[in-house]
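Read off the chains here:
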Amino acid sequence: MKLPSFSVRRPVATTMAYLAIVVLSVVALTKLSLDIMPEMTYPAITITTTYKGAGPEDVENQITRTIESMLGIVPGLKEIRSSSVENMSIVSLLFDWGVNLDEVANDVRARLEFAKRFMPSGAETPVLLKFDLSQMPVMFLTASADGSYGRLNEILNDDVAEPLKRVSGIGNVFVIGGETREIRVNVSRRRLEAYNVGIAQITQALSSHNLTIPAGDLNVGGQSFFLRLPAEYKNVREVGDTLIGNYHGRPIFLKDVADVSDSFAEPMMITRQEGKKSALMIIQKRAGANTVKVADGVAARLELLKKRLPPDVNLIIAYNLADDVKRTISSLTSSVLIGGLLVVLVTYLFLFNLRSSIVILVTIPISLVVSFLFLYLMGYTINIMSLSSIAIAIGMVVDNAIVVLENIVRRREEYGESAADAAVNGASEVGLAVSASTLTTVVVFLPLIFSGGLVGILFKQLGSVISITLLISLSISLTLSPMLAALVIKKRDASARRHPLRARLEEYMERLLGSVSSAVLNILKYALARRKKNALGLGGDIHNLARAVSFYRRRVFAGAGLRILSDNNKNAGQYSACRQR
């Protein structure tokens, strides 16, 4: 083969080429985002429409059916699910995995704009929601207070949420729970009847008085001033002084027919922190942002924001997704490092050549680090699936290097060839076998790249990373490994003194490997001497395995079908049971 010859004859060019690739891979590694799982978008869109004051039947007839009829022809639609409850319509559109939800969402929005013409005027604008795993909250904060609890939501929104939104990578920050200020107007029925005033009249008066109206502009000299008429309520007294009509020439104010009070709205959700009433802050990151960097940025900004809060406000981090990501990544990284060290140790135990182990120690990290360059170019992140694929590949990438290295050492020891000739001839001799072995393994994982649906989303990174890593290891074993072997491996000197412990261990390993080799040779001789009998036995084993699989499938799927029938229709289940017997 030409690759080993080129690498051995041109060591500088080979070294610089791999050095450039390693530098690019390290730079790509620093730019990769850390996440718990691959980016995954569930192929569904939910449309929620609020219609206050309407019952479930009205919502169903006037909102839900209208939306269903308009969206039933969306391309790629698989199923429509709807739910009509009091004041709200929920319509879910399910699509096939792999559909481009951004394009579908644009089509859905266009059809909803047309559907709004057939909806009641009191219905609010439909809201589209997409479930994206990357938009899951990265952090939950809880805040409790004693004297400032009534203003807790306002404090968190103004003094915490707004500054946090300016942190790099933050998508959204919102507050739930706590107390929400509400101006209550408790109308007296008897007073309304006495002054001949209706509820609609009060509602119209409140909406028309609580406004800020633009009043054009005013030109003075060379300057132009925009004018507005602020007429919003500033306190509860102004609300009570709202003019709602007259009775026999006497003006009637809101306070004449109702009691106006500054209170809090009925809580829709109650959160508690260590037994105290609290508010909950949910922090989301932008798609593609680094979870760990975003969480660390939020934690650093919180330390500054806490100093500006009232002394009775206790703000703590209740959950941090970055901790799970760091813990998972750290565990997988430790597994990869331990696996690499064990591979080097096993290589040394079998070859008893420290220089050979150094060659393996150099080739393994290069094979693995290049995979991060591939992750960066493909737009992937460092997550459980990508690191798991590297952990799986670490045992495979060393196979090629060990086979090539062992053959180089053999030719150096047995044939007495020079270092360069042994490296070229040894790598070329097993190059075709190593290539075939690697490609057969790649073929197993390659179909995962083309898988569709949820399997494709979860395991595409697994198949692609393992395939790329194995191909890189094949290239390294035929180029870098022979070059390093020609430089560092020397012929063993039998007369050299060795440590007694090393000598005994080497002797023991040689006897063990000799015993294993003898056993394998005996098995091969026995099998080759009885080829027809072994072929018939193998055919019988395959036949029995096929029958076992067929029996298992028939039992399992028949039982599952029987349970489904019995759940939906008891008579059908009994009939099916009789037929099966």
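The preceding data block contains the structure.
This write-up is about the structure you can find in this document.

Topic: the overall build of the chain
Helix and strand content of the chain: 19 helices and 15 strands. For 581 residues, the compact-globule estimate of 2.2 N^0.38 gives 25 Å, and the chain exceeds it by more than 25% at 37 Å. Seen along its three principal axes, the alpha-carbon backbone of the chain occupies a region of about 125 × 80 × 55 Å. Looking at the chain alone, contacts between residues at least 24 apart form 74% of all its contacts between residues at least 6 apart. Here the chain displays about 34300 Å² of accessible surface, and carbon together with sulfur accounts for 59% of that area. Positive and negative side-chain charges of the chain, numbering 64 and 50 respectively, have mean locations separated by a distance of 10 Å.

A few points about the side chain of Thr469
Looking at the secondary structure, you find Thr469 in helix H15 (residues 453-478). Look at Thr469 and you get buried, because its relative accessible area is 0%. Setting aside chain neighbours within four positions, we find Thr469 in contact with Ser367, Leu368, Ser371, Ala393 and Val397.

Observations regarding helix H16 (residues 480-488)
Among the nine residues in H16, seven count as buried, and that is most of the element. Residues of H16 that are buried: Leu480, Ser481, Pro482, Met483, Leu484, Ala485 and Ala486.

Observations concerning the packing of helix H5 (residues 152-164) against helix H10 (residues 291-305)
Relative orientation of the contacting elements H5 and H10 amounts to 150°, with a least axis distance of 10 Å. Between H5 and H10, the crossing angle belongs to the class labelled roughly antiparallel. For the crossing formed where H5 meets H10, the hand is right-handed. Along its contact with H5, which presents Asp159, Val160, Pro163 and Leu164, the element H10 presents Val298, Arg301, Leu302 and Leu305.

Description of the pattern of salt bridges
Oppositely charged side chains can pair when the atoms bearing their charge come close. Here the structure, examined in full by the defined rule, presents 14 salt bridges. Close ionic contact of Lys255 with Asp241 constitutes a salt bridge, the shortest N to O distance being 3.1 Å. You can see Lys255 sitting in helix H9 (residues 254-257) and its partner Asp241 sitting in the loop between helix H8 (236-240) and strand E10 (243-247), a full 14 residues away along the chain. Salt-bridge contacts for Glu417 lead to Arg411; the nearest nitrogen and oxygen are separated by 2.8 Å. No difference in accessibility class separates Glu417 from Arg411, as the two residues are buried. Here the salt bridges share partners, and the residues they tie into one network are Arg410, Arg411, Glu417 and Glu429.

Thoughts on the side chain of Thr64
You can see Thr64 is positioned in helix H3 (residues 56-71). Leave out the neighbours within four places in its chain, and Thr64 touches Val59, Ser82, Ser84, Ser89 and Val91.

A look at the environment of Ile317
Counting through the fold element by element, Ile317 comes out in strand E15 (residues 314-320). Put simply, Ile317 and Ile213 are 104 residues apart on the chain and 43 Å apart in space, counted from C-alpha to C-alpha. Once residues within four sequence positions are removed from consideration, Ile317 is found in contact with Met139, Phe140, Leu141, Ala299 and Leu302.

Re the nonpolar core
Core analysis: the largest hydrophobic core is formed by 77 residues, its most contacted members being Val160, Leu164, Met281, Ile283 and Val298. For this core, the element with the highest residue contribution is helix H12 (residues 354-377), accounting for ten residues. Those residues in contact with Val160, other than ones at most four positions away along the chain, are Ile155, Met281, Leu302, Leu305, Leu309 and Leu315. Ile45, Leu101, Leu112 and Met119 belong to the second-largest nonpolar core, a separate cluster that totals 21 residues.

Notes on the packing of aromatic side chains
Applying the stated criterion across every chain, the model contains four aromatic pairs. A ring pair is formed by Phe114 and Phe118, whose centres lie 5.5 Å apart and whose planes are at 70°; its orientation type is edge-to-face. By relative accessible area, Phe114 is classed as partly exposed at 39%. Here the aromatic rings of Phe374 and Tyr380 are separated by 6.4 Å at their centres, their planes lie at 75°, and the arrangement is edge-to-face. Assessed through its relative accessible area of 17%, Tyr380 is described here as buried.

A word on the environment of Met119
Relative to the elements of secondary structure, Met119 occurs in the loop between helix H4 (101-115) and strand E4 (127-132). Residue classification places Met119 among the buried residues on the basis of a relative accessible area of 10%. Remark: the alpha-carbon pair of Met119 and Ile63, spanning 56 residues in sequence, is separated by 6.1 Å. With sequence-adjacent residues up to four places away left out, Met119 is seen in contact with Gln62, Ile63, Ile67 and Pro126.

A short note on the packing of helix H1 (residues 2-9) against helix H14 (residues 419-445)
It is the contact of H1 with H14, at a shortest axis distance of 8 Å, that shows an interaxial angle of 155°. Considered as vectors, H1 and H14 are oriented roughly antiparallel to each other. Judged by the twist between their axes, the crossing of H1 over H14 is right-handed. For the pair H1 and H14, the contacting residues are Pro4, Ser5, Val8 and Arg9 in the first and Ala420, Asp421, Ala423, Val424, Ala427 and Ser428 in the second.

Description of unusual backbone geometry
Even without glycine at this site, Asn87 takes up a positive phi of about 75°. Examined against the element boundaries, Asn87 turns out to sit in the loop between strand E2 (77-85) and strand E3 (88-95). Given a relative accessible area of 27%, Asn87 falls into the partly exposed group. A positive phi angle, close to 55°, is found at Asn196, a residue other than glycine. Tracing the backbone shows Asn196 in the loop between helix H6 (189-195) and helix H7 (199-209).

Cut-off values and rules
Residues numbered from 1 in each chain as written. Predicted model: local features only at pLDDT ≥ 70, side-chain atom pairs only at ≥ 80, totals over all residues. Heavy atoms only, no water. Helix = DSSP H or I, 4+ residues; strand = E, 2+ residues; numbered from the N terminus. Rg over C-alpha atoms; globule rule 2.2 N^0.38 Å. Contact = heavy atoms within 4.5 Å. Areas by Shrake-Rupley, 256 points an atom, 1.4 Å probe, with all protein chains shown as cover. Lys, Arg positive; Asp, Glu negative; His and termini not counted. Charge placed at Lys NZ, Arg CZ, Asp CG, Glu CD. Buried < 20%, exposed > 50% of the residue type's maximum accessible area, 1.4 Å probe, protein only. Axes fitted to C-alpha atoms, helices over the stretch in contact; angles between N-to-C directions. Parallel < 35°, antiparallel > 145°, perpendicular 65-115°, else oblique. Left-handed = near helix turned anticlockwise from the far one by under 90°. Salt bridge = Lys/Arg side-chain N within 4 Å of Asp/Glu carboxyl O. Core = buried A, V, L, I, M, F, W, Y, C linked by side-chain atoms within 4.5 Å. Phe/Tyr/Trp six-rings, centres within 6.5 Å; stacked < 30°, edge-to-face > 60°.

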